[in-house]
Amino acid sequence: MQTRTALSLIALAALTACATQPMRAPFNQADLPAAVQVPAGNKVALEHAAAGDVNYQCRAKKDMAGQFEWVFVGPDAGLKDRSGKIVGKYYGPPATWEANDGSKVTATQVAVAPNGAGNLSLQLTKANPATGMGMMQGVTFIQRVATVGGAAPSATCTKANEGANQLVRYTADYIYYKAM
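Residues numbered from 1 in each chain as written. Predicted model: local features only at pLDDT ≥ 70, side-chain atom pairs only at ≥ 80, totals over all residues. Heavy atoms only, no water.

1. Here's the deal with the overall build of the protein chain
Reasoning step 1: When its secondary structure is counted, the protein chain shows 1 helix and 8 strands.
Reasoning step 2: When the helices and strands of the protein chain are placed in sequence order, the string is α-β-β-β-β-β-β-β-β.
Reasoning step 3: Taking all 180 residues of the protein chain together, 33% fall into the buried category.
Reasoning step 4: Taking the intrachain contacts of the protein chain between residues at least 6 apart in sequence as the baseline, contacts between residues at least 24 apart amount to 60%.
Reasoning step 5: Here the protein chain has roughly 10,600 Å² of accessible surface; of this, 59% comes from carbon and sulfur atoms. (Helix = DSSP H or I, 4+ residues; strand = E, 2+ residues; numbered from the N terminus. Buried < 20%, exposed > 50% of the residue type's maximum accessible area, 1.4 Å probe, protein only. Contact = heavy atoms within 4.5 Å. Areas by Shrake-Rupley, 256 points an atom, 1.4 Å probe, with all protein chains shown as cover.)

2. Here we look at the nonpolar core
Reasoning step 1: The biggest cluster of nonpolar side chains holds 26 residues, and the ones touching the most others in it are Leu79, Trp97, Ile142, Tyr170, Tyr174 and Tyr176.
Reasoning step 2: Those elements giving two or more residues to this core turn out to be strand 1 (42-60), strand 2 (68-80), strand 3 (86-91), strand 4 (96-99), strand 5 (104-113), strand 7 (139-149) and strand 8 (165-179).
Reasoning step 3: Beyond its immediate chain neighbours, meaning those up to four positions away, tyrosine 170 contacts Ala50, Ala51, Gly52, Asp53, Val54, Pro75, Ala77, Tyr90, Leu120, Val148, Gly149 and Gly150.
Reasoning step 4: Counting 11 residues, the second largest nonpolar core, distinct from the first, contains Val36, Ala111, Leu122 and Val145. (Core = buried A, V, L, I, M, F, W, Y, C linked by side-chain atoms within 4.5 Å.)

3. A closer look at the state of the cysteines
Reasoning step 1: One pass over the full model with this rule turns up 1 disulfide.
Reasoning step 2: In this model, cysteine 58 is linked to cysteine 157 through a disulfide, with the two sulfur atoms separated by 2.1 Å. What sets the handedness of the cysteine 58 and cysteine 157 disulfide is the S-S torsion sign, and at about 100 degrees it is right-handed. Taken together, the residues cysteine 58 in strand 1 and cysteine 157 in the loop between strand 7 and strand 8 connect sequence positions 99 residues apart. (Disulfide = S-S within 2.5 Å.)

Honestly, that's just the spatial picture; any functional story needs more than this.
Structure follows, in structure tokens:
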């Protein structure tokens with residue numbers, strides 16, 4: 001009897017501790033530049049932290065003989081939910097967010113806003129209809145926020161290294177919205 005009572009008290013204490021843990025509030029876009037804010041009528045559905053690389057290639061500038069630049073080729077990153085569980089990957093082109101449940105969504109860029117030297121810009125994309133059944137179903141917009149790193153390389157890009165690829169590490173949060 002004493003053992004059952006002790007176990008009951010332990011279980012009750014554990015449940016109480018879980019219940020008193022603060023709930024994480026959904027992402028609030030109020031502090032973002034207006035250009036990358038999601039239109040009214042959409043609400044936060046998912047939040048993922050991404051870590052990976054952006055691939056750049058040294059190429060000749062279009063219509064500018066003898067000039068070269070680093071050109072964005074595409075991302076390759078893992079996606080984790082807020083508990084740290086790996087839930088998918090992000091890659092492109094085209095920009096594709098693929099969940100481990102088999103659903104995936106592509107999106108088209110709507111707007112960008114700077115986010116400091118060396119960081120990828122903040123970004124708003126409009127989602128295309130998702131494929132596969134799962135968490136990506138119904139996503140309408142995706143924001144890239146909290147970017148660290150990922151900007152074009154500072155290394156020289158010239159005729160001598162034309163065609164060279166360079167990977168740049170980055171982290172960001174992707175916020176997914178669905179229509180209300």
